[in-house]
Amino acid sequence: MLLIFFFTTILSMKNYLKNQIIYQVYVRNFTKEGTFKGLLNKIDYIKSLNVDIVYLLPISPIGQLNRKGTLGSPYSIKDYTKINEELGNEEDFKNVIASCHKRNMKVMIDIVYNHTSRDSWIKENHPEWMFHDKKGNISNKVEDWSDVYDLDYNNKDLIYYLVKVIEYYSSLGIDGYRFDVASLIDKEFFIALKKMLNEKYPETILLAESVHPGFVDSLRAQNYNCLSDGELIEYAFDLLYPYNSYENLRNYLDSKDERWLDYYKYSLLLEDSMTPNTSLRIRGLENHDQRRLYQFSHDFTLLRNLAALAPYMKGPMFIYNGLETKADHLESLFDKDDMSWEIDQDWFDFIKKLISYKKDEKNLDLNTTAPLLTKGANLAFKNTYKDGTFGYGLFSLSGKDELIEDSGLIDSEYTDYLTGKTYTINNHSISVKEPLFLFKK
């Protein structure tokens, strides 16, 4: 009975994430102050978006050696146990956590355990914990990452130390962790971490930045270990990035070559088939590493279609701060580069409508989001629910009217969730310009 209860608890935890909103905040650029105190003044704003989880980029001190830009990358961490004084102190950080919890929002923080800054506390105090190249020099596996050195997980003391760091942040009230380049971290760490969390903080949410397939192949070709998505799920994670499929969609947006849309659909099918029902992919096209939607196109019709993909697909909706204000550039990771707070009310209202769709309890019963193998500059998805009902998500990726045809489109009248209007699928086809979330009348 105890074993059955354990698995039921885990499954229900995964299920509730299906209709969650994760809002990513880069504290340095989110407000003019660029501090936790500045963020506190925006907590009510974030809550007004119906956000469930506030996810903060790394909050630890940034190294000085080989620093990128004027302020450095938050992913070049000097000391995991300290708070970056530029953001505030521990009390300020705890106030952010408390403020979010008071409004029934969870807090997730970024954890960077593949590497540290080149002048990190670990390098200075435990050089034996650092990765060494064949010549015995402290080094890293990705040459372009010139401000960091990698860690060496052959050291059990390192694993113990890093698990204790997570335990410390959990004691402050942190509800979840996003692991940077999680695929490059050793499985023994995740096994030890999960053991601690199951014993002390079993509701903790773990999100893996599971890396691009090309990145995996490149590292393995150099004889480095790189965990598969399946291993990440097996050892620890509730949520993974959708990077197996995303590159194909991005390539279409760059080239407008419709072959990339075919690749995208097939890669989505493969990606989802490899993801157990007990885990999910986050859904969102923007984050601190990926270009803004506005940078792909200034066509607002196309922008609306792209923004509508994330809430329609199975998995929590991921919002990088600024999507709702139609941010027109990706803020610098390395310098002070404030997010724009100029509101386009129509766009803002549209994003809130998309959020309301994702929050619909029906999404808790969503079994699958399956792409239809349509032709042309469009995407069509069929959502199937536990009670046997279904719906269609239809998207034009040209910014113009697109005739979407597929035998999987069942002839009938449907209601669009976003507008309340009635649409008819006839002869397994329908013309689409604005995004449609269709349900049987």
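Residues numbered from 1 in each chain as written. Predicted model: local features only at pLDDT ≥ 70, side-chain atom pairs only at ≥ 80, totals over all residues. Heavy atoms only, no water.

S.K.: Please clarify how the packing of helix α11 (residues 243–255) against helix α12 (residues 259–273) should be interpreted in this entry.
M.R.: Working note: a packed helix pair is described by the angle between its axes plus the distance between those axes. Two elements in contact, α11 and α12, have axes whose closest approach is 8 Å; the angle formed by their N-to-C orientations is 170°. Between α11 and α12, the crossing angle belongs to the class labelled roughly antiparallel. Contacts between α11 and α12 pair Y243, N244, S245, N248, L249, N251, Y252 and S255 from the former with W260, L261, Y263, Y264, S267, L268 and E271 from the latter. Taken together, the residues of the contact of α11 with α12 sort by class into eight nonpolar, six polar and one charged. (Axes fitted to C-alpha atoms, helices over the stretch in contact; angles between N-to-C directions. Helix = DSSP H or I, 4+ residues; strand = E, 2+ residues; numbered from the N terminus. Parallel < 35°, antiparallel > 145°, perpendicular 65-115°, else oblique. Contact = heavy atoms within 4.5 Å. Nonpolar A, V, L, I, M, F, W, Y, C, P; charged D, E, K, R; others polar.)

S.K.: Any chance you could explain the sheet that holds strand β12 (residues 378–385) here in plain terms?
M.R.: Strand pairing in a sheet relies on backbone hydrogen bonds, with the paired strands running either antiparallel or parallel. What the six strands build is an open sheet, ordered β11-β12-β13-β18-β15-β16; its pairing is antiparallel. At either end of the open sheet lies a strand with only one pairing partner, and these are β11 (366–371) and β16 (422–425). Each neighbouring strand pair of the sheet contributes to a mean axis angle of 30°, computed without reference to strand direction. Those strands touched by α12 are β11 and β12, and its axis lies near 20° from that of β12. The sheet strands contacting helix α14 (residues 300–312) are β11, β12, β13 (390–396) and β18 (436–440), and the helix crosses β13 at an angle near 150°. (Pairing = 2+ DSSP bridges.)

S.K.: What is the right way to read the packing of aromatic side chains from this model?
M.R.: How two aromatic rings sit relative to each other is set out by the distance from centre to centre and by the angle between their planes. Counted by the stated rule, this structure contains 38 aromatic pairs. Plain terms: the ring middles of W129 and Y161 are 5.5 Å apart, the flat faces sit at 45° to each other, and that makes the pair tilted. Highlighted residues: W129 in the loop between α6 (121–125) and β5 (148–150) and Y161 in helix α7 (residues 156–171), separated in sequence by 32 residues. A single burial state applies to W129 and to Y161, both of which are buried. Centre to centre, the rings of F179 and F237 are 5.7 Å apart; their planes meet at 80°, and the pair counts as edge-to-face. Here F237 lies in the loop between α10 (229–235) and β8 (239–240) and F179 lies in strand β6 (residues 176–179), a separation of 58 residues in the sequence. (Phe/Tyr/Trp six-rings, centres within 6.5 Å; stacked < 30°, edge-to-face > 60°. Buried < 20%, exposed > 50% of the residue type's maximum accessible area, 1.4 Å probe, protein only.)

S.K.: Is there a simple way to think about the nonpolar core in this case?
M.R.: Soluble globular proteins tend to bury their nonpolar side chains together. Formed by 122 residues in total, the largest nonpolar core has its most connected members in F93, Y113, F179, F189 and F190. If you look at the next biggest cluster of nonpolar residues, it comprises 13 residues, including F390, I404, I425 and V432. (Core = buried A, V, L, I, M, F, W, Y, C linked by side-chain atoms within 4.5 Å.)

S.K.: I keep staring at the side chain of N287 and nothing clicks. Help me out?
M.R.: Secondary-structure assignment places N287 in the loop between β9 (280–281) and α13 (293–296). A distance of 3.1 Å separates the side chain of N287 from the side chain of Y243, its partner in a polar contact. (Polar contact = N/O pair within 3.5 Å; in protein donor to acceptor, adjacent residues only side chain to side chain.)

S.K.: Help me understand the environment of D344 in this model?
M.R.: For D344, the position within the fold is in the loop between β10 (317–320) and α15 (345–359). As for D344 and D360, which are separated by 16 residues in sequence, their C-alpha atoms are 25 Å apart.

S.K.: What is the right way to look at the packing of α14 against α15 in this model?
M.R.: At their nearest, the axes of α14 and α15 sit 9 Å apart, and the two run at 20° to each other. By the angle between their axes, α14 is roughly parallel relative to α15. Classified by chirality, the crossing of α15 by α14 is right-handed. Where α14 abuts α15, its residues L303, R304, A307, A308, A310, P311 and Y312 lie against W347, F350, I351, L354, Y357 and K358. (Left-handed = near helix turned anticlockwise from the far one by under 90°.)

S.K.: Mind showing me how you'd approach α12 here?
M.R.: Along an α-helix, a turn takes 3.6 residues, which lines up residues three or four apart on a common side. A rise of 1.5 Å per residue sets the reference length of α12, with its 15 residues, at 21 Å; its end C-alpha atoms lie 22 Å apart and thus fit the reference within 8%. Within α12, the full set of buried residues consists of L261, Y264, K265, S267, L268 and E271. (Expected span 1.5 Å × (residues − 1).)

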